[in-house]
Every structure is written in structure tokens, then in C-alpha cells.
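# Survey of secondary and tertiary structure
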Amino acid sequence: MPAAVAKETLGFQAEVKQLLNLMIHSLYGNKEIFLRELISNASDAADKLRFEALSSNALYGSDADLKIRVSFDKQARTLTVSDNGIGMSREEVVNNIGTIAKSGTREFFQSLTGDQAKDARLIGQFGVGFYSSFIVADRVTLLTRRAGLPSGEAVHWESDGGGEFTVEAAEKEGRGTDVVLHLREGEDELLSDWKLKEIVRKYSDHIAIPIVMKKVKWDKEKSAEKVTDEDETINQASALWARPKSEISEEQYREFYKHVAHDPDTPLAYTHNRVEGRQEYVQLLYIPARAPFDLWDRHQRRGLKLYVRRVFIMDDAEQLLPAYLRFVRGVIDSNDLPLNISREILQESRDIEAIRAGCTKRVLGLLEDLAENQKDKYAGFWKEFGRVLKEGVGEDAVNRERIAKLLRFSSTHADGEEQSVSLADYIARMKEGQDKIYYVTAETFLAAKNSPHLEIFRKRSIEALLLSERVDEWLVANLAEYEGKALASVAKGELDLSKLQSDDEKKEEARQAGGHRALVAKLKDALGDRVKDVRVSSRLTQSPSCLVADEHDMGGNLSRILKAVGQKAPQAKPILEINPAHPMVQRLNEEKTRFADWSHLLFDQALLAEGGQLEDPAGFVRRMNELMLDMAGEGSRIIVPGR
């Protein structure tokens, strides 16, 4: 017998074994959804057949009426879900069922918490609906034949969920897939006509192809129900998005989202519109309540489902929305695009550009409504997707102002890590005479919050935004101003707060700068090529020193981010600013023999304070030890502020 048709016993991929164990222990809060998952798979198979038949109509054969059939056998205690969709070949069965054919597998299992409700949500996001069969079945049999293959090349697959499965050649008269569930003890209610209809109408009424069951009639003579040979369609069998909004209930919108997004949670918000004009299309777009665990996987394709005149074209048309809105789920159904459209055509189509622009504006409008009228919901959205939305400032110049209004940040106003401050909030609290929006960037929130660059801002009660996410550097590089107010880093360039100072304060600042020229010159000479310049600081009130970048140089935090991801950062020397009122600087001014060591120590402390990495850690430790020993021997003359 050829190897291609031989019966084989194979082991599941290791990740699938773990997943089956979770499924068998009923992680789904509502086990009825296994039927929704199987019907969704069958619907996808029908959509894929329609798409492939666009170029090869012969795939339909003599069976052009697509449908999904649900049936049960009380004596055998089996429940069967059948479809006449695309079907699978032997190779596809092994690849699609024996393995989890999606990226992010490792992230999925790292995300498991042991909390059943949370883990069930992850399983739903992972899109492994077929495996949910083992919630109610102790054995699952699958018989499938791919469209276009002869009846003798069907495939029989079977497993009890114990870590292995068998695959062998079989005969099947028509194309498509039959999934037979051998039910566990205690699942007898699924062998009921009314119960199955209730589940289908609850979860799958939106499916756009008929879901049929055999009609059941009451047999008066036997006083029992009798299954007839007459088919009955038990769902509306019309595309939900094509119906008038007035005919669609909230529950139907929610269930359709669960189907299209493979997410067991209720969506945060949605918008359903028919667009008419130069292009005619329907958009039904959803914003999820929670981010998928693999949102940051760059290899994971995401996009909206694209239909053309109700015919499925592709389920990950990422060209329909910009990358920063990749979390949006839903359907676009166009009346204008050609049925044979490809990914290459999508990238160059003006019609697609118009649809993309329309969908982007609709999603941003939906977010604006949440931000304005449902602040708690928007706060939840921002917590899940805020970092992704920040990408849009640099990616979408057309909508930059709209995106900027949606941004939320931490700030020194509350000093909390929660990102709840909008740029409009910041401007409303600006001091009289303040003309800039100040911010500080750092690798962590605490590093940003405790940055020495903020000392003068805290003293004068000037609010500053605390930016601690990597995307923030990208954001501020692309958002020069907001409503006429320039964004300014507190750690770059000369700090000019003259409009917020009194005349006496200006005079004192000038006196300090002029009175320490000799010390500044000695420091610059001692530090040599480690610094671009040394100057008296107008930023510091408590710390002895800090490092700042020149106005047009790259900041230290961005430089470290680039190096961390393997990119070369332009070489730019920092500027050392000193606080002449600090006892350590005053002591330095008097030092004769160890001035160079003190100078390098001052620089290294400033570098550590801003989150930098020492080039010579051993040299730093040596200087610290020597200075501590010197002080221990002669008695410290350093007075620490506040003690």
C-alpha cells in the first residue's frame, strides 16, 4: 500500500497535548460554544470553496448549494456537524489538526495563568475551535474530502484526545467535512432536537449559509418524536452585515463578533454602516475589549474579512486598515471590487485606498465617541491598545491631529502610572506664560518619575508628561506640536523658563552661571571627550548633576533603545550640567588632588540617574571605594541635604 494512503498513528504536537488537556478539563465557561466553533469552521470552509471556485467553477461539481448540516444519533450517542465546503487533503488534516498552525504558540502557553476564566479567554483568542470538541466528546472522528480530489482520496481522522491520532485513506461520496463527536457520559441533552436548535439560533444565527437539520414531528401512535427526511433551515442564512440595522439585535451583533474574531468576550464597541458614493460598501467594525496575547507578533497576519457582493475573498485583508488599527475586527463587503482581486491588486487599488480611509475615519470616530462619552470604557481600551494607537502618530500624517486627541499619558500632575492625561487636559492646566508641553522619556515609569531633569518643574509646579514606553520616542519624534504648543523634552537643549520667572530669579540664575566659570572650565578639561560641554544647570534643585542632549542630538534613552535592538545610534556626546548649590559640587570646587576622580564620579552618577550604562563599571567602583576610604580616614566634610 502506498505510504500516502497507509493508516498512520501520529502524536500531537507538544503544544496541542497541553491544549487538549485544558479543553478536556472544561476551561470554557460555557461548553455549548463548541458547536459555535465547529459551525464557524464549516462556514469558513464554505467561504474558501467559493473563493477557489472563482477561478475553477468545476470544484462545485453537481453540488453547488452550500450548507451546514447538524444531526444526532441517540442510539450511537453521536453528534455530527457536516459541510460541503472546501474539505481537506491528508496533508492539510495532519498540518491543521495535528499541529497548531499559527504563530505565537509559545506566547499562548506563557500567558496561561491557571485561572479558568482567564485561560478560557486566551483559548478563544487563539482560534483553536476544533479542539473544543473534546469538552463534550471522549472521541472525535473526522471524515473529509478536498474539493477536486476523487472519492477514494478522502481522509479519515480519529482521536480520543489522549495525545495521539490516526489518519487513513477512506471513501467519501461528496466533498467537504463530517465531524462526528462521540459524546461523554452526562452530555445527553445534546441528543435533543430542541436543544441543538436553541444553541444554533443563539450562537450561529448570523452564519450566511443555511444550517439545516432534519425536521422532527410528533408520532401520536408511538407517543414519541420522529425524525423525518425533510430538511429544515434553522438560521436566518443571510449575511448579518447586509441586513438593516433595525433588524439586528445587540445579541446578534455580539455573537457575530465572536464568530468573526474568535473571541469569547463581548466587544467593547462596534460600528455598522453602509457607505454610498464613488464606492459602495458595507462596514461592520468591532473594537475588542481585550488585546490578543500575540498582538506584538510581527509575523501574525491580521486584518478584516473582505467580501465582494457577499462572496468571501480573504480573511486577513490587512490593507483595509493601517497597522496601528490592527486590533480592529470585522467585515468589509464591497459592491465595486472585482471578484478575482488578489493581495497584489489590493496594495495598488485606488478603491481600496478609499475604503481604507473610510474605515480609518470610522474607527477613529468611534474611539472619539468613547473618549468623550464613555470615559471608563475608553480607559479600558487605552490600557489594552494604547501602545498600538501611539504608532499612528508617525504612520498616519493625515489623521495625526485626531490621533493626538486620543492619546493618554502619565504625568507629574498625579504622579501615578495610570495613563489618563490627554494633551487637552495638560494644556488646560498650563501655567500663565507657559508655551510648551514638557515631557521626559525613560526606560521605566519610576525612572521617568524620579528623573533629576524634573526637579525645577516640580519646584515650580509645572506639569510634565512621564513617557516610559519604547513607542513614546517614536511618538514625540513625529508629534512636534499640539494645538500650537510645541512638545519639548526636559532633557534636551537649553531650558528656558524665563517667561515663568521673576526678575530676581533671572538675576540669581545669571549670577550663578557667571560665578562658576572657572569650575566649569576645569570640569570640561578633566572629562575631556566624554562630554560635549559643561554648564551650570537651570534644571537641578536637589541633585548635583545631570546629563542633557544638545538640541539637535539624539537623546540618551532613544540611543539605548536603538542599541538594544541591534541598530547603530549616532555618536553624540552629552552635556554635563551641574548644580552649584549642591554640597558635593561645592566640595569639588575646593578639591585639589583628586579633582579628576570627583569629576568622573559626578558624570557617572548623572549617567546612572538617567538610566544609562557605565562604560567602565570597574573604574566607577574603584573611584567610589577610594573616595569612601579617604573620607573614612579624614572625616567626611560632605553634608547630605535633608540630614
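If you're wondering where the values come from, they're calculated on a predicted model, not measured in any experiment. (Residues numbered from 1 in each chain as written. Predicted model: local features only at pLDDT ≥ 70, side-chain atom pairs only at ≥ 80, totals over all residues. Heavy atoms only, no water.)

A few words on the nonpolar core. Leu 306, Leu 389 and Tyr 438 are the most contacted members of the largest nonpolar core, which has 72 residues in total. Counting residues per element, this core draws most heavily on helix α9 (residues 350-373), which supplies nine residues. Residues Leu 66, Val 93, Leu 191 and Tyr 203 belong to the second largest nonpolar core, which totals 49 residues. (Core = buried A, V, L, I, M, F, W, Y, C linked by side-chain atoms within 4.5 Å. Buried < 20%, exposed > 50% of the residue type's maximum accessible area, 1.4 Å probe, protein only. Helix = DSSP H or I, 4+ residues; strand = E, 2+ residues; numbered from the N terminus.)

With that out of the way, let us pick up the sheet that holds strand β13 (residues 311-317). Strand pairing in a sheet takes place through backbone hydrogen bonds and is either antiparallel or parallel in direction. In space, the five strands of this open sheet follow the order β10-β11-β14-β12-β13, with mixed pairing throughout. Of all strands in the sheet, those bounded by a partner on one side alone are β10 (269-275) and β13. Strand-to-strand, the axes of this sheet are offset by a mean angle of 15°, without reference to chain direction. Bridge count between strand β12 (residues 304-308) and strand β14 (residues 329-334): four bridges; the pairing is parallel. Residue pairing across strands places Tyr 307 opposite Asp 333, the latter belonging to β14. Along the sheet, helix α2 (residues 33-53) makes contact with β12 and β13, crossing β13 at roughly 110°. (Pairing = 2+ DSSP bridges. Axes fitted to C-alpha atoms, helices over the stretch in contact; angles between N-to-C directions. Contact = heavy atoms within 4.5 Å.)

Phi is positive for Asp 415, which is not a glycine, with a value near 65°. If you trace the backbone, Asp 415 turns up in the loop between β15 (410-411) and α13 (423-428). Among the residues examined, Asp 415 registers a relative accessible area of 23% and is labelled partly exposed. If you check the backbone angles, Ser 461 has positive phi at about 55° while not being a glycine.

A word on the side chain of Ser 422. Of note, Ser 422 is situated in the loop between β15 and α13. Engagement of the side chain of Ser 422 in a polar contact is seen with the side chain of Asp 425, the distance being 3.0 Å. What Ser 422 contacts, discounting residues up to four positions off in sequence, is Leu 407 and Arg 408. (Polar contact = N/O pair within 3.5 Å; in protein donor to acceptor, adjacent residues only side chain to side chain.)

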